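# Inside the fold
The residues making up each chain are set out below.
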Amino acid sequence: MASKPPTGDPVQDAPDVTAPQHAAAGLPAIGHTLRIAQQQMGLRRTALTLLKVNQKDGFDCPGCAWPEPDKRHAAEFCENGAKAVAEEATLRRVTPAFFAEHSVTDLAGRSGYWLGQQGRLTHPMYLPEGADHYEPVTWDRAFEIIAGELTALDSPDEAVFYTSGRTSNEAAFLYQLLARELGTNNLPDCSNMCHESSGSALTDTLGVGKGSVLLDDLHKADLIIVAGQNPGTNHPRMLSALEKAKAGGTKIITVNPLPEAGLQRFKNPQNARGLALGGTPLTDLFLQIRLGGDHALFRMLCKRVLETDGAVDTAFVDTHTHGYEEFRRTALTADWDETLRATGLRRDEIETAADMVLAARRPIVCWAMGLTQHKHAVNTIKEVVNLLLLRGAVGRPGAGVCPVRGHSNVQGDRTMGIFERPSPAFLDALQKEFGFTPPRHHGLDVVRAIRALRDGTAKVFMAMGGNFVAATPDTDVTEAAVRRARLTVHVSTKLNRSHVITGARALILPTLGRTERDRQATGDQFVTVEDSMGMVHASRGRLEPAAPHLLSEPAIVCRLARRVLGDRTTTPWDEFEKDYATIRDRIARVIPGFEDFNTRVARPGGFTLPHAPRDERRFPTTTGKANFTASTVEHPHVPDGRLLLQTLRSHDQYNTTIYGLDDRYRGIRGGRRVVLLHPDDAHAHSLPDGSYTDLVSEWTDGTERRAEGFRVVHYPTARGCAAAYYPETNVLVPLDHTADASNTPASKSVVIRLEPANGARPTDNG
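Here goes a summary of the coordinates provided. (Residues numbered from 1 in each chain as written. Predicted model: local features only at pLDDT ≥ 70, side-chain atom pairs only at ≥ 80, totals over all residues. Heavy atoms only, no water.)

### Comments concerning the overall build of the protein chain
Under the convention used in this document: A helix here means a DSSP run of H or I that spans at least four residues, while a strand means a run of E at least two residues long, and both kinds are numbered starting from the N terminus. Every radius of gyration here is taken over C-alpha atoms, with the globule rule written as 2.2 Å times N^0.38, N being the number of residues. Residue burial is assigned from relative accessible area. The probe radius is 1.4 Å, only protein chains are included, and a residue is buried under 20% of its type maximum, exposed over 50%, and partly exposed in between. The accessible surface values rely on the Shrake-Rupley method and a 1.4 Å probe; as for residues, cover is taken only from the protein chains in view. This count recognises Lys and Arg as positive and Asp and Glu as negative, with His and chain-terminal groups excluded. A charged residue contributes its charge at one atom only: NZ of Lys, CZ of Arg, CG of Asp or CD of Glu.
Looking only at helices and strands, the protein chain features 32 helices and 33 strands. Whereas a compact globule of 766 residues would reach a radius of gyration of roughly 27 Å, the protein chain reaches 25 Å, a difference of no more than 12%. Along the three orthogonal principal directions, the C-alpha set of the protein chain runs to about 70 × 65 × 55 Å. Within the protein chain, the fraction of its 766 residues that count as buried is 65%. A total of about 25,900 Å² of accessible surface is found on the protein chain, and carbon and sulfur atoms cover 51% of it. Of the charged side chains in the protein chain, 88 are positive and 92 negative; the average position of the first set lies 4 Å away from that of the second.

Written out as structure tokens, the structure reads:
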């Protein structure tokens, strides 16, 4: 039987700490997976559900966006994917009786972990103005409340429509259509907080804001650079791809401030080598870089290529690129002393990496938040592109750019039009297909939406999934901003902190999960998703819904649109709700690459979207070619006595969803309020292992932010760098500390000082 949810909120600031591990997965991963799944789902439900994860006739994992191979294992999921499925398919329920027992004030004092462990939401719930308890409400009444607020606005731009990356293509397309028919482009999404820097850089340089490689390219590469990424925790199935690449002779360079177990050795739980023979060593060269030093590193690698006879692919550069000579002049001025200061690396380490780049004809560079969440993130990623362009490594099998995205359909949501700055071509296609005039002015991204709520220029906030309050920066500022809204609405499967930090009024709209059967008037429906490499495939839930009162995300959007838009709309919202194939027919006519959508997605495994740089070596940029860029090298400068903090996930975590209180690869169990410090940095601050400290961030305007009571863990991180988990440390990230061009929160480079913890150690209750 599945376990009951916890009744008491556990203390999270007193973990047990042991030495970090040097290998990922193996038998412990199997044991932990089955234990968590059984606790949430029970034995029979566990077996029935996990065997359908990521299968061609099953459902897409609600966790990461890593692609599936064509030939799939019977257990085509990782440990954290199984945790995500278990959390969604749990037998625990949050009913109206729960809300009658727990006030909003009570729930706001609980930890995110405790909230998430209570189970699936079962009924639409409404928090009236001035009330402290949610109460059940009918769907009709819920839509009436939302419509009343939206139609009372002085401008459609006073509404914000946020989207998480879990939303399907069909729901995302309808959601942006609703917002634009209403008259706003205020469509912030989780991309704004993670890979917006990648999209900005790749659009400017290659003309397509997505990665240029497919899964098979990783297996063909002769060099893979994994920079600012921890696949062992965040994308565990990537380790199988790296293992296969290693078997074919691929070399791997890891660039990261922290040594991560999964990139040291992978014990694949699906083969004998992983279970009994010690697994596969993955990293050939570990560059333990200082936070934010990646721009300087890749610039020096470019210089070494330029200085080596025959290393530049001159035929490719001459035919397919623009801006080479200016870039060449700039790159050749790269200074070794400055590079070593910025990176914290030795010269011989960088020279070794350069030799590996020079020896590789088919290099791939993979990256994640460690590159995208810095002030200079966009230029860093452009420098990655510079390196690959020098080697002619775009549009060549086994080579290219590989931004590894997180949430399962975050890339698909953007493709469907969830973007505050839509292209004129997309808006033209919408206008032609649906017969209305979409707004042309740019809308609000995440950071600008928080400012608008703070300043009172946004009054209604609606979220299609996600946990906006916990995921965003500057927690105190964000929470105060959200509380100023007239109405907050969350379409959710489970309880989270965003449900208890509300506007004057609030609604929780419970929805179906990926695992559940979606029955509409024309029969069972499926939805589609796009993975991190541009593959589109179907997802079919099999379980009975968690409650009879749940609506699917497409149904919620369609019913809301009918209520809000009324006679203004000629869009067939009724038809869309009854039959999702009719939505896909419209997507096929609006979005390039989706022609004949219904027929192509019906094929097992789906289809691959076109990618001009990869498929044709055609670059749809402003110059018509791939663009070299010659930016000034940047890296953080930290005052004496300060450290640079990066926020990161634990192993028992996916984004803001906390599955448990352990981070076993880093040797931390039973707690989350920890700060990882190099022993020399800790000693310089008179902080022995096991002591407690407050983290105080310092911002350029003189303001400070404090996170209290963190246990010091001596850890082999890069000197001058600290690490701690989010969302607990999001409070330290200033709202205005963002990446140039992309406006992504710079959560990987926050200047902090350490101060003695005041008084008793606090528990993590929020």
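What follows continues from the structure just given.
### Structural notes on the sheet that holds strand 16 (residues 460–464)
Hydrogen bonds between backbone groups are what pair the strands of a sheet, and the pairing can be parallel or antiparallel. Counted only if it meets this: A pair of strands is treated as paired once DSSP finds two or more bridges between them. Contacts between residues were defined by any pair of non-hydrogen atoms, one from each residue, lying within 4.5 Å. Angular values range over 0 to 180 degrees, each being the angle between N-to-C directions of two axes fitted as lines to C-alpha atoms, with helices fitted over their stretch in contact.
The six strands are arranged 6-5-18-17-16-7 in an open sheet whose pairing can be described as mixed. Where the open sheet ends on each side, the last strands, each with one partner, are strand 6 (135–136) and strand 7 (159–163). Contacts between helix 7 (residues 139–151) and the sheet are confined to strand 5 (125–127), strand 7, strand 16, strand 17 (487–492) and strand 18 (505–510), with strand 18 contributing the most and set at about 135° to the helix.

### Some thoughts on the layout of surface pockets
The condition is simple: Cavity: a set of points on a 1 Å grid over the protein atoms alone where a 1.4 Å probe fits but cannot get out. Pocket: an open set with protein on both sides within 12 Å along at least five of seven lines, its lining residues, like those of a cavity, having an atom within 4 Å of a point. Grid points are joined across faces, edges and corners, and a volume is the space filled by probe spheres set on the points. Under the scheme applied here, ten amino acids are nonpolar (Ala, Val, Leu, Ile, Met, Phe, Trp, Tyr, Cys and Pro), four are charged (Asp, Glu, Lys and Arg), and all others, including Gly, are polar.
When its volume is computed, the second largest pocket comes out at roughly 1,400 Å³. Breaking the lining of the second largest pocket down by element, the ones donating at least two residues are helix 9 (196–205), helix 22 (410–415), helix 23 (424–434) and helix 31 (612–616). Considering each element in turn, the lining of the second largest pocket owes the most residues, five residues, to helix 9. For the lining of the second largest pocket, a count of residues per class yields 16 nonpolar, 16 polar and 10 charged.

### Here we look at empty space enclosed by the protein
A complete count under the given rule lists five cavities of 30 Å³ or more for this structure. The volume enclosed by the largest cavity comes to roughly 210 Å³. Here the lining of the largest cavity is composed, by residue class, of four nonpolar, eight polar and six charged.

### A short note on helix 3 (residues 79–88)
Helical geometry note: an α-helix holds 3.6 residues per turn, so side chains three or four residues apart project in the same direction. Burial analysis of helix 3 places 10 of its 10 residues in the buried class, which makes it a mostly covered element. Buried within helix 3 we find Glu-79, Asn-80, Gly-81, Ala-82, Lys-83, Ala-84, Val-85, Ala-86, Glu-87 and Glu-88.

### Observations concerning the pairing of strand 22 (residues 535–539)
Within strand 22, four of the five residues are buried, leaving the element largely enclosed by the surrounding structure. Here strand 21 (residues 527–530) runs beside strand 22; their pairing, made up of four bridges, is antiparallel. Within strand 22, the position partnered with Glu-530 by the bridge is Val-536. The hairpin turn running from strand 21 into strand 22, its antiparallel successor, is four residues long, and Gly-534 in that turn takes a positive phi close to 80°. Examined bridge by bridge, strand 22 and strand 23 (residues 607–608) share two bridges and lie antiparallel to one another. Along strand 23, the bridge assignment pairs Val-536 with Phe-607.

### Details of the sheet that holds strand 10 (residues 265–267)
Reading across from one edge, 2-10-11 is the order of the three strands in this open sheet, with mixed pairing throughout. Pairing within the sheet leaves two strands with one partner each, and these edge strands are strand 2 (24–25) and strand 11 (280–281). Pairing of strand 10 with strand 11, which is carried by two bridges, proceeds in the antiparallel orientation. Across the sheet, residue Arg-265 finds its bridge partner in strand 11, namely Pro-281.

### Overview of the pattern of salt bridges
Inclusion rule: What counts as a salt bridge is simple: a side-chain nitrogen of Lys or Arg found within 4 Å of a carboxyl oxygen of Asp or Glu.
Using the criterion set out here, one finds 59 salt bridges in the structure. Taking the shortest distance from any N to any O, the salt bridge between Arg-563 and Asp-140 comes out at 3.8 Å. Taken together, the positions of Arg-563 in helix 27 (residues 553–565) and Asp-140 in helix 7 put the pair 423 residues apart, joining distant regions of the chain. Since its relative accessible area comes to 36%, Arg-563 is described here as partly exposed. A salt bridge links Glu-755 to Arg-706; its shortest N-O distance comes to 2.8 Å. Residue Glu-755 is located in strand 33 (residues 750–756), and its partner Arg-706 is located in strand 31 (residues 704–714); the two are separated by 49 residues in the primary sequence. Each of Arg-642, Asp-694, Glu-698, Glu-704, Arg-706, Arg-753 and Glu-755 takes part in salt bridges that share partners, so that together they form one network.

### Concerning the environment of Arg-673
Quick note on the threshold: Two N or O atoms count as a polar contact when they lie within 3.5 Å, although within protein this holds only if one can serve as hydrogen donor and the other as acceptor, and sequence-adjacent residues are included solely when both atoms are side-chain atoms.
Its place among the elements puts Arg-673 in the loop between strand 28 (668–669) and strand 29 (674–677). Remark: the alpha-carbon pair of Arg-673 and Tyr-725, spanning 52 residues in sequence, is separated by 7.4 Å. There is a polar contact of 2.6 Å between the side chain of Arg-673 and the backbone oxygen of Glu-708.

### Points about the pairing of strand 14 (residues 363–367)
Counted residue by residue, strand 14 has five buried out of five residues, so it is predominantly covered. Residues Pro-363, Val-365 and Trp-367 of strand 14 are buried on one face, and the alternating residues Ile-364 and Cys-366, pointing to the opposite face, are buried as well. Note that strand 8 (residues 223–227) and strand 14 share five bridges and pair parallel. The partner of Ala-227 across the bridge, within strand 14, is Trp-367.

### A short note on the nonpolar core
Keep this limit in mind: Nonpolar cores were defined as sets of buried Ala, Val, Leu, Ile, Met, Phe, Trp, Tyr and Cys residues, with membership established by side-chain atoms within 4.5 Å.
Counting residues in hydrophobic clusters, the biggest one holds 63 residues, and the most contacted among them are Leu-150, Phe-161, Phe-173, Leu-507, Leu-509, Trp-573 and Phe-594. Excluding residues that lie within four positions of it along the chain, Trp-573 makes contacts with Leu-174, Leu-177, Leu-178, Glu-181, Val-557, Cys-558, Ala-561, Arg-562 and Leu-565. Among the nonpolar cores identified, the runner-up in size contains 52 residues, and Ala-227, Leu-287, Leu-306 and Val-394 belong to it.

### Things to note about helix 21 (residues 377–390)
Condition: The span you would expect from a helix comes to 1.5 Å times its residue count less one.
Over its 14 residues, helix 21 runs 20 Å from end to end, which matches the ideal 20 Å to within 8%, given 1.5 Å per residue. Of all 14 residues in helix 21, 13 are buried; the element is thus mostly enclosed. Gly-392 sits one or two residues past helix 21 and shows a positive phi near 65°.

### Thoughts on the side chain of Glu-516
You can see Glu-516 is positioned in the loop between strand 18 and strand 19 (518–520). A polar atom in the side chain of Glu-516 sits 2.7 Å from the backbone nitrogen of Gly-513. Among the polar contacts listed, one links the side chain of Glu-516 to the backbone nitrogen of Ala-546, at a separation of 2.7 Å. Excluding anything up to four places from it in sequence, Glu-516 contacts Arg-120, Thr-511, Gly-541, Arg-542, Leu-543, Glu-544, Pro-545, Ala-546 and Leu-550.

### Focus: unusual backbone geometry
With an omega dihedral of 10°, the bond running from Tyr-726 to Pro-727 counts as a cis peptide bond. Tracing the chain through its elements places Pro-727 in the loop between strand 32 (721–725) and strand 33. Positive phi outside glycine occurs at Asp-596, with the angle close to 55°. Relative to the elements of secondary structure, Asp-596 occurs in the loop between helix 29 (580–590) and helix 30 (597–601). By relative accessible area, Asp-596 is classed as partly exposed at 47%.

### Considerations on the packing of helix 8 (residues 169–182) against helix 23
Rules: The labels follow the angle: roughly parallel below 35 degrees, roughly antiparallel above 145, roughly perpendicular from 65 to 115, and oblique for the rest.
Taken N-terminus to C-terminus, the directions of helix 8 and helix 23 make an angle of 85°; their axes are 12 Å apart at the nearest point. Between helix 8 and helix 23, the crossing angle belongs to the class labelled roughly perpendicular. Only Phe-426, Leu-427, Leu-430 and Phe-434 of helix 23 make contact with helix 8, whose side of the interface consists of Phe-173, Gln-176, Leu-177 and Arg-180. Across the contact of helix 8 with helix 23, the residue classes tally to six nonpolar, one polar and one charged.

### Comments concerning the packing of aromatic side chains
To keep it simple, the criterion reads: Two aromatic rings, drawn from Phe, Tyr or Trp (for Trp, its six-membered ring), form a pair once their centres lie within 6.5 Å of each other, and the interplanar angle then sorts them: stacked below 30 degrees, edge-to-face above 60, tilted otherwise. For a Lys NZ or an Arg CZ to count as sitting over a ring, it must be within 6 Å of the ring centre and within 35 degrees of the ring normal.
Following the criterion strictly, the structure yields 16 aromatic pairs and no others. Between the aromatic rings of Phe-316 and Phe-619, the centroid separation amounts to 6.4 Å while the plane-to-plane angle is 85°, which identifies the pairing as edge-to-face. Of this pair, Phe-316 sits in helix 16 (residues 314–320) while Phe-619 sits in the loop between helix 31 and strand 24 (626–627), and the two are 303 residues apart along the sequence. Here the two residues Phe-316 and Phe-619 agree in accessibility, since each one is buried. These aromatic residues form a ring-pair network of at least three members: Phe-98, Phe-99, Trp-114 and Tyr-134. The ring of Phe-526 carries Arg-584 above its face, with NZ or CZ at 4.0 Å from the centroid.

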